[in-house]
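Analysis of the macromolecular model
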Amino acid sequence: MLWRRAAVLGLAILVLTLGGSGVASPPRTTAVVSVPLTAVRQETPATSPATSSGPSASPSASAPAPVVTTGTGPAGSLRTTGSDAVALTFDDGPWDDTPAVLDLLAQYHVKATFCMVGHQVAAHAALVRRMVAEGHTLCNHTWSHDEQLPSRAADRMRSELQRTNDAIHAVVPGAAIPYYRAPGGNFAPNVVTMAAGMGMTSIYWTVDPQDWRGPGVQSIIHNVLTHTHPGSIVLLHDGAGPQTVTALRTILPDLAGRFTLIALPVPDSHGTA
């Protein structure tokens, strides 16, 4: 009996000893659970595989941001080409005289920039397609040629620009429209900034013969040939009437013999012009 008591007593001591050590040791998971998740995220390097494999936080990361240049013209618009090349630009079309302008440009192998009024695009869709096919650059000249646009509400301004781009893209889907020109040259910071946000650089001019006034063929010729210098942006109108078309028959060969004539550059897929 004595040896049984001794065995029972020894077993009791062993149980108490093991039970006591389990209570005294805190669970190992407590320290891990108590670490805030935010602290773990903050310490994760931005270049870690877990971070780089997830979706980008920037909505524009999949496509290059448009390159929008500012210049020395009104409200930061471009006044020159930035090189020795000369750019011919035509406003207010597409119009009845646009085919004759395109014919002359093709005859002298000259590329130009066409600033189009949006509400005229659908009726002259074939001309817009021809401009693109022949390598000319497109420019937004607003939907209704509202010369008071800078004083309008922001939603009206945006509508004038967006409706024009939409009209052009309905005719030539995917065509680049990298430039904006304000009707009447009324550039203002609010419109220039809005155009820039839509990927369009605002362009002014260096030479303006005011052909839209109908000053006479010789006046247009003299003004352009006298005032055009390396880097000039020349303002003409394909909707001004036959005087401009007649003047171009003299202007184009003269300028082509003295300068490199270009269409204003279109940024490529990497955002560089």
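Residues numbered from 1 in each chain as written. Predicted model: local features only at pLDDT ≥ 70, side-chain atom pairs only at ≥ 80, totals over all residues. Heavy atoms only, no water.

What follows deals with the packing of helix α9 (residues 217–227) against helix α10 (residues 242–258). A pair of packed helices is captured by two measures, namely the crossing angle of their axes and the spacing between those axes. It is at 9 Å that the axes of α9 and α10 come closest, and there the two elements cross at 25°. For the element pair α9 / α10, the angle class is roughly parallel. Handedness of the α9/α10 crossing: right-handed. From α9, Val217, Ile220, Ile221, Val224 and Leu225 reach across to α10, where they touch Gln243, Thr244, Thr246, Ala247, Thr250, Ile251, Asp254, Leu255 and Arg258. Of the residues assigned to the contact of α9 with α10, the class counts are 8 nonpolar, 4 polar and 2 charged. (Axes fitted to C-alpha atoms, helices over the stretch in contact; angles between N-to-C directions. Helix = DSSP H or I, 4+ residues; strand = E, 2+ residues; numbered from the N terminus. Parallel < 35°, antiparallel > 145°, perpendicular 65-115°, else oblique. Left-handed = near helix turned anticlockwise from the far one by under 90°. Contact = heavy atoms within 4.5 Å. Nonpolar A, V, L, I, M, F, W, Y, C, P; charged D, E, K, R; others polar.)

Attention now moves to the pattern of salt bridges. As enumerated under the stated definition, the model contains 7 salt bridges in all. Arg130 is the partner of Asp103 in a salt bridge, and the nearest nitrogen-oxygen pair spans 2.7 Å. Highlighted residues: Asp103 in helix α5 (residues 98–107) and Arg130 in helix α6 (residues 125–133), separated in sequence by 27 residues. Note that Glu160 and Arg156 form a salt bridge whose closest N and O atoms lie 3.5 Å from each other. Placement of both Glu160 and Arg156 in helix α7 (residues 154–171) is noted, with a separation of 4 residues, approximately one turn of the helix. Judged by relative accessible area, which is 5%, Glu160 ranks as buried. In this structure Arg156 comes out as partly exposed when scored by relative accessible area, which is 34%. (Salt bridge = Lys/Arg side-chain N within 4 Å of Asp/Glu carboxyl O. Buried < 20%, exposed > 50% of the residue type's maximum accessible area, 1.4 Å probe, protein only.)

Before going further, it helps to examine the packing of aromatic side chains. Under the criterion given, the structure shown has 4 aromatic pairs. For the ring pair Tyr180 and Phe187, a centre distance of 6.2 Å and an interplane angle of 85° mean the geometry is edge-to-face. There is no split in this pair, since Tyr180 and Phe187 are both buried. Taking the centre distance of 4.1 Å and the plane angle of 15° together, the rings of Tyr204 and Trp205 count as stacked. Members of the aromatic cluster, joined through ring pairs, are Tyr180, Phe187, Tyr204 and Trp205. Its guanidinium or amino end placed over the ring of Trp143, Arg163 lies 4.0 Å from that ring's centre, counting from NZ or CZ. (Phe/Tyr/Trp six-rings, centres within 6.5 Å; stacked < 30°, edge-to-face > 60°. Lys NZ or Arg CZ within 6 Å of the ring centre and 35° of its normal.)

Quick look at the environment of Ser144 now. Mapped onto the fold, Ser144 is located in the loop between β3 (137–140) and α7. C-alpha separation for the pair Ser144 and Val117, spaced 27 residues apart in sequence, amounts to 6.4 Å. The contact partners of Ser144, leaving out residues within four places of it in the chain, are Val117, His119, Arg156 and Glu160. At a separation of 2.7 Å, a polar atom in the side chain of Ser144 contacts the side chain of Glu160. (Polar contact = N/O pair within 3.5 Å; in protein donor to acceptor, adjacent residues only side chain to side chain.)

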